[in-house]
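Per-entry structural report
Residue strings, one per chain:
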Amino acid sequence: MSITAVVGANWGDEGKGKITDVLAAQSRYVVRYQGGSNAGHTIINQFGKFALHLLPSGVFYPEVVNVIGPGVALNVQDFLREREELVSRGVPEPILRVSNRAQIVLPYHKWFDELEEERLGERKFGSTKSGIAPFYADKYVKLGVQVADLYNVPRLKARLESSLEAKSVLLQHLYGKPAIQADELIDGLLEDAERLKPFVCDTSVLFQEALARGERILMEGQLGALRDPDHGIYPYSTSSSTLSGFAPVGAGVPPYAIKKVVAVVKAYSSCVGAGPFVTEISGEEADELRRRGGDAGEYGATTGRSRRMGWFDAVATRYGCIVQGATEAALTNLDVLGYLDEIPVCTAYRTDGETTTHFPVTARLEHAMPVLEKLPGWRSDISGIRKFDELPVNAQHYVLRIEKLIDVPIRWVSVGPKREQIIER
Ligand code: GDP
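How each quantity is defined
Within each chain, residue numbers correspond to sequence positions counted from 1 in written order. For a predicted model such as this one, the threshold for reporting local features is a pLDDT of at least 70, and the threshold for listing and counting side-chain atom pairs is 80 or more; totals across whole chains, interfaces and linings nevertheless cover every residue. For side-chain calculations, the full set of non-hydrogen atoms in the structure is used, while hydrogens and water are omitted. We call a pair of cysteine sulfur atoms a disulfide whenever their separation is within 2.5 Å. Relative accessible area decides the class of each residue, using a 1.4 Å probe on protein chains only: under 20% of the type maximum gives buried, over 50% gives exposed, and in between gives partly exposed. Here, a salt bridge means any side-chain nitrogen of Lys or Arg that lies within 4 Å of a carboxyl oxygen of Asp or Glu. Think of it this way: any DSSP run of H or I at least four residues long counts as a helix, any run of E at least two long counts as a strand, and we number them from the N terminus. Given the number of residues in a helix, its expected span is that number minus one, multiplied by 1.5 Å. Note on contacts: a residue pair qualifies if any of its non-hydrogen atoms lie within 4.5 Å across the two residues. Polar contact is the term for a pair of N or O atoms within 3.5 Å; when the atoms are in protein, one must be able to donate a hydrogen and the other to accept it, and sequence-neighboring residues count only if both atoms are side-chain atoms. Only a single heavy atom is needed: when it lies within 4 Å of a molecule or strand, its residue is near that molecule or strand. Computed by Shrake-Rupley with a 1.4 Å probe, the accessible areas treat only the displayed protein chains as cover when residues are assessed. As used throughout, domain bounds are those supplied by an automatic or database domain assignment. Planes of paired rings set the category: under 30 degrees apart is stacked, over 60 is edge-to-face and the rest tilted, where pairs are Phe, Tyr or Trp rings (Trp by its six-membered ring) whose centres lie within 6.5 Å. In these notes, a set of buried Ala, Val, Leu, Ile, Met, Phe, Trp, Tyr and Cys residues joined through side-chain atoms within 4.5 Å is what counts as a nonpolar core.

**Some points on the state of the cysteines**
All chains considered together, the criterion is met by zero disulfides. Just so you know, Cys-346 is unpaired, no disulfide at all, and the nearest cysteine sulfur is the one on Cys-271, 14 Å from it. When its relative accessible area of 0% is taken as the criterion, Cys-346 is described as buried.

**A word on the pattern of salt bridges**
Inspection of every chain in the model, using the stated rule, returns 27 salt bridges. We note a salt bridge from Arg-411 to Glu-424, for which the minimum N-O separation is 2.6 Å. Of this pair, Arg-411 sits in strand β19 (residues 410-414) while Glu-424 sits in strand β20 (residues 422-424), and the two are 13 residues apart along the sequence. Since its relative accessible area comes to 26%, Arg-411 is described here as partly exposed.

**Notes on helix α2 (residues 76-88)**
Between its first and last C-alpha atoms α2 spans 18 Å; for 13 residues at 1.5 Å apiece the expected length is 18 Å, and the two agree. Among the residues making up α2, those that are buried are Val-76, Asp-78, Phe-79, Leu-80, Glu-82, Arg-83 and Leu-86. Looking at the buried positions of α2, the neighbouring elements they touch are β4 (48-52), β5 (65-68), β6 (73-74), β7 (95-99), β8 (103-104) and α6 (183-196). Capping of α2 at its N-terminal end is provided by Asn-75; its side-chain oxygen lies 3.2 Å from the backbone amide nitrogen of Gln-77. Downstream of α2 by a residue or two, Gly-90 has a phi angle that is positive, lying close to 95°.

**Observations concerning the site of the ligand**
Around the ligand sit 18 residues, and of these Lys-16, Gly-17, Thr-42, Asp-335 and Ser-414 come closest. The separation between an oxygen atom of the ligand and a polar main-chain atom of Lys-16 is 2.8 Å. A distance of 2.9 Å separates an oxygen atom of the ligand from a polar atom in the backbone of Asn-333. Its free accessible area being 590 Å², the ligand has 95% of it covered by the protein chains.

**Some thoughts on the domain arrangement of the chain**
Taken as a whole, the chain is organised into domain 1 (2-102 + 199-262), domain 2 (105-196) and domain 3 (265-424). One C-alpha centre belongs to domain 2, the other to domain 3; they are set 37 Å apart.

**Observations regarding the packing of aromatic side chains**
A full pass over the atoms with the stated rule returns twelve aromatic pairs. Measuring from centroid to centroid gives 5.8 Å for Phe-112 and Tyr-175, while their planes differ by 75°, and the two rings are edge-to-face. One end of the pair, Phe-112, is in helix α3 (residues 107-120); the other, Tyr-175, is in the loop between α5 (153-173) and α6, with 63 residues separating them in the sequence. The same class applies to Phe-112 as to Tyr-175, namely buried. Centre to centre, the rings of Tyr-319 and Phe-359 are 4.9 Å apart; their planes meet at 25°, and the pair counts as stacked. Placement of the pair is Tyr-319 in helix α11 (residues 314-324) and Phe-359 in the loop between β17 (354-356) and α12 (362-365), with a sequence separation of 40 residues.

**Quick notes on the nonpolar core**
Among the nonpolar cores identified, the biggest contains 40 residues, and Leu-289, Leu-334, Leu-337, Tyr-398 and Ile-406 are the most heavily contacted of them. A total of six residues in this core trace back to one element, the largest contributor, which is helix α13 (residues 393-406). Leu-334 has contacts with Ala-267, Trp-378, Ile-382, Leu-391, Ala-395, Tyr-398, Val-399, Val-413 and Ser-414, leaving out every residue within four places of it along the chain. Among the nonpolar cores identified, the runner-up in size contains 39 residues, and Ile-104, Leu-106, Tyr-108 and Leu-196 belong to it.

Shown next as structure tokens:
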């Protein structure tokens, strides 16, 4: 029995998609267990460049079973659209399974997300407006709709009606919009349900049987540790747990079945959306790093915002690895730093008159300043290198320094966006 979780140690966009794609080759199942289509994993392989939002990153291997677990925010149309796009671009039909216990992102979740960000104005959180926060809010106040409800019309109608009762009051009186009736939504949902049907099953049974057969399962986290609602930079967090510890819950497997946790760590920092970001840089310095890292980013393009950039933050990343329970790390985007003479790395924070290496709560983080150490750059293109000891000495030194700072063995070093641009140590 062997489950590996691939998770982010930073703010998301660490390159989890690429690492999952690499590790998927040795797995029978790749599983999404939280989040929805509110972030993108970029994958470049023999079929082209893809941004996966909802589909697990194993979809490029025809023998891998790709599973949407009960913990995911399932936008059915996004799911179907992504699948169709893959197939239309020549990817062999992937095996996809959707939990009958997963809940559906409903059209009004997206509307409420948009209306709320508009109402908050300057105080907004930088939502991607995909309906994820209203979706999880409904789930936990027990007003959600499960996939299985789509196949029982009276039940679906009753679920929608109870959810819309309070929403209509908010729509009319808080947002000044017309109320919505369940009947307006039913036909569209039933159409989606028919198209989704071939993929729906009880994924808990699927995993129970897979584990009994000793098959390998890969859990794929979305976003990163610092966006976790409990352990991250609340309230600039996402609405479901981004931690490996949530994988057993969101997928439906025993917690002790997870043997390895691969924390994906970026060689510098980037983040999308609002919130404290201690090592942030600006101006031409940031533009250059963003440009070289390709970090204008598909995600940024979707939301019309480019990623915020910063130097490597060992305080945040070490903390990210701790809360993820990392057993090993994958360091990505090392190639991007090859243009610098010196590379600053943040080793501690100064906040409230003291220096600390422990990641502070958001209230203290807001005014933390980075303590920077400068490491020598290597000034060369390392994207063709496949062995650690063939990297320039300064690049090796950079990896080893980060390994020491985060206190987790770096087993993988990624030197480019493509599947084969990886060094295993
Ligand atoms: P994810 O959501 O964690 O999968 O990350 P994203 O896909 O949002 O962002 C990672 C970006 O970095 C994508 O554009 C990837 O193609 C790219 N990428 C991943 N690993 C590497 C790497 O080692 N080097 C370079 N240059 N780009 C990489």
